[in-house]
Amino acid sequence: MSSPSTRILTARPQDISTAADTLRSGQLVAFPTETVYGLGADARQNDAVEAIYAAKGRPSFNPLIAHIHSAEAAQKYVVWCDAASKLAEAFWPGPLTLVLPLREDHGISPLVTAGLNTLGIRVPAHPAARALLSALNGPVAAPSANPSGKISPTTAAHVVAGLNGRIAAIVDDGPCGVGVESTIVGLATDTPLLLRPGGLASEEIEVVLGHTLKQRDASDPLTAPGQLMSHYAPQAGVRLNVTNPKKAELYLGFGAMECDLNLSVSGDLQEAAAKLFGHLHKLDTKAYPIAVAPIPEIGLGVAINDRLRRAAAPR
Ligand code: TXA
Ligand code: MG
């Protein structure tokens, strides 16, 4: 049996309005954010949110991020605090997710939070995402738009490759600029906690907070319910910190060197983050093992290495 096809929309106003109507009717729409493409559902509709988990094959204990148009609107759903004000002022709209206690009468489907009493919330910067959130005038639950455990999508073509026929529509507005998912900071406890390194360097967050971020305790399932070790997994194996690739390996380089694909010839971490998932998608189609050059563990390098370690983890 052939599956219904997924409609490809542009970011023009008429298509954004169609995308918002599609969300309102309880269907799924993938859309670009500055980090990666998200798989959106109206966060207030149980059936729509349930469809996200089904389309991705995502375990139901892994909560979703709610995308909101403005920091003011976010305060309808979560209990606000000083640190949230500082970080929102400095970095929203942008690649930062804050985890805060849910307010009473929040109206968000309990499937979004996987039953937790906190909500991950973010105001994206991408113009098409902002236009869609304005048109819907409500919260959009959106994980990355890839089948669970696979490489995250930074183009509409990546979304098509993973989810075609399983979702109603995709808003195609070109490649994502940042290229790795948002940085997640937990503000539901006394000390701000780095739950996931991402597209905003934690050094920048620490400057605004005026102190260092606490690192999450990897053995505590509650501090990062979805941080399963194997993730972003290409078909073939992945080896890290490789300076001498084997003959049979495809070599993913960083800095000036001989290799199959280079994340950044000039050694620029921002460029490397933007290219990371696209290069992994490309190398993955060849079904050879992948060897990756060392990447410095500073700035966006922390998020890049986190994603690469997950790609290399045993599964
Ligand atoms: O950049 C991004 O964050 C992208 C775009 C689409 O916004 N979204 C994204 O979603 O990466 P996803 O579902 O792939 O990753 C969300 C992460 C998961 O690891 C989940 O466990 C965590 O956020 N998370 C969500 N709500 C949480 C909560 N209340 N407490 C702790 N972690 C939470
Ligand atoms: Mg994801």
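Quick caveat, the model's predicted, so the values are computed rather than measured. (Residues numbered from 1 in each chain as written. Chains lettered and ligands numbered in written order. Predicted model: local features only at pLDDT ≥ 70, side-chain atom pairs only at ≥ 80, totals over all residues. Heavy atoms only, no water.)

A. Examining the side chain of threonine 33 more closely. Take threonine 33: it is sitting in the loop between β2 (29-32) and β3 (37-42). Looking at threonine 33, its side chain comes within polar contact range of the side chain of arginine 122, at 2.9 Å. Residues in contact with threonine 33, not counting those within four places in the same chain, are Arg122, Pro124, His126 and Cys176. (Helix = DSSP H or I, 4+ residues; strand = E, 2+ residues; numbered from the N terminus. Polar contact = N/O pair within 3.5 Å; in protein donor to acceptor, adjacent residues only side chain to side chain. Contact = heavy atoms within 4.5 Å.)

B. Representation of empty space enclosed by the protein in the model. Summed over all chains, the structure comprises one cavity of 30 Å³ or more. Estimates place the volume of the largest cavity at around 30 Å³. Taken together, Thr183, Leu194, Pro197, Gly198, Leu200, Ser202, Gly299, Val302 and Ala303 make up the full set of residues lining the largest cavity. Of the residues that constitute the lining of the largest cavity, the class distribution is five nonpolar, four polar and no charged. Residue-level mapping places the lining of the largest cavity at the junction of two domains, with at least three residues from each of domain 1 (7-215) and domain 2 (238-312). (1 Å grid on protein atoms, 1.4 Å probe; cavity = no way out; pocket = protein on both sides within 12 Å on 5 of 7 lines; lining within 4 Å. Points joined across faces, edges and corners; volume = space filled by probe spheres on them. Nonpolar A, V, L, I, M, F, W, Y, C, P; charged D, E, K, R; others polar. Domains from an automatic or database assignment.)

C. Structural context of the site of ligand 1. Near ligand 1 you find 25 residues, and of these Thr35, Arg58, Asn62, His67 and Ser182 are the closest. Side-chain polar atom of threonine 35 to an oxygen atom of ligand 1: 2.7 Å apart, as the coordinates give it. In the model, an oxygen atom of ligand 1 is placed 2.5 Å from a nitrogen or oxygen of the serine 182 side chain. In isolation ligand 1 offers 680 Å² of accessible surface; the protein chains occlude 96% of this area. Taken together, the elements giving at least two residues each to the shell around ligand 1 come down to β4 (65-67) and β6 (118-122). In the shell around ligand 1, the residues fall into 11 nonpolar, 10 polar and four charged. (Near = heavy atom within 4 Å. Areas by Shrake-Rupley, 256 points an atom, 1.4 Å probe, with all protein chains shown as cover.)

D. Representation of the sheet that holds strand β10 (residues 193-196) in the model. Strands sit in the order β1-β8-β2-β3-β7-β4-β6-β5-β9-β10-β11 across an open sheet of 11 strands; the sheet is mixed. Taken across any chain shown, the strands that pair with only one partner, and hence form the sheet edges, are β1 (7-9) and β11 (214-215). Sheet analysis places β4 next to β6, joined by three bridges and oriented parallel. Of the residues in β6, the one forming a bridge with alanine 66 is isoleucine 121. (Pairing = 2+ DSSP bridges.)

E. Molecular detail of the sheet that holds strand β14 (residues 261-262). Spatial ordering of the open sheet is given by β12-β15-β13-β14, a layout of four strands whose pairing is parallel. Because the sheet does not close on itself, it has two edges, and the strands there are β12 (238-239) and β14. Looking at chain direction, strand β13 (residues 250-253) and strand β15 (residues 290-292) are connected through three bridges and run parallel. Of the residues in β15, the one forming a bridge with leucine 252 is valine 292.

F. Molecular detail of unusual backbone geometry. Cis rather than trans, the peptide bond between tryptophan 92 and proline 93 has omega equal to -5°. For proline 93, the location among the structural elements is in the loop between α4 (82-91) and β5 (96-101). Its identity is not glycine, yet alanine 114 carries a phi of approximately 50°, on the positive side. Among the structural elements, alanine 114 can be located in the loop between β5 and β6. A positive phi angle is found at asparagine 137, which is not glycine, with a value near 55°. Within the secondary structure, asparagine 137 sits in the loop between α5 (127-136) and β7 (140-141). We classify asparagine 137 as exposed; its relative accessible area is 65%. (Buried < 20%, exposed > 50% of the residue type's maximum accessible area, 1.4 Å probe, protein only.)

G. Here's a closer look at the domain arrangement of the chain. Along its sequence, the chain is carved into domain 1 (7-215) and domain 2 (238-312). Between domain 1 and domain 2, the contact holds 19 residues from the first and 15 residues from the second. When domain 1 packs against domain 2, close to 1300 Å² is buried across both sides, 64% of that on carbon and sulfur atoms. When residues of domain 1 are sorted by the area they lose upon contact with domain 2, Ile151, Val180 and Pro197 head the list and together hold 42% of the total. Where domain 1 meets domain 2, there are one salt bridge. (Buried area = accessible area lost by both parts, 1.4 Å probe. Salt bridge = Lys/Arg side-chain N within 4 Å of Asp/Glu carboxyl O.)

H. Structural detail: the pairing of β6. Across the five residues that make up β6, a large majority, five, are buried. Burial along β6 is two-sided: the residues Thr118, Gly120 and Arg122 and Leu119 and Ile121 are all buried. Bridge analysis of β5 against β6 gives four bridges, and the strand direction is antiparallel. Bridging across to β6, proline 101 finds its partner in threonine 118.

I. Representation of helix α2 (residues 46-56) within the structure. Taken together, the buried positions of α2 are occupied by Ala48, Val49, Ile52, Tyr53, Ala55 and Lys56. Check the buried side of α2 and you find it contacts β3, β7 and α6 (156-163). One or two residues past the end of α2 sits glycine 57, with phi positive at roughly 70°.

J. Inspection of the side chain of threonine 22 at higher detail. Tracing the sequence through the fold places threonine 22 in helix α1 (residues 13-24). With near-sequence residues (within four places) excluded, threonine 22 lies in contact with Gln27, Val29 and Ala168.

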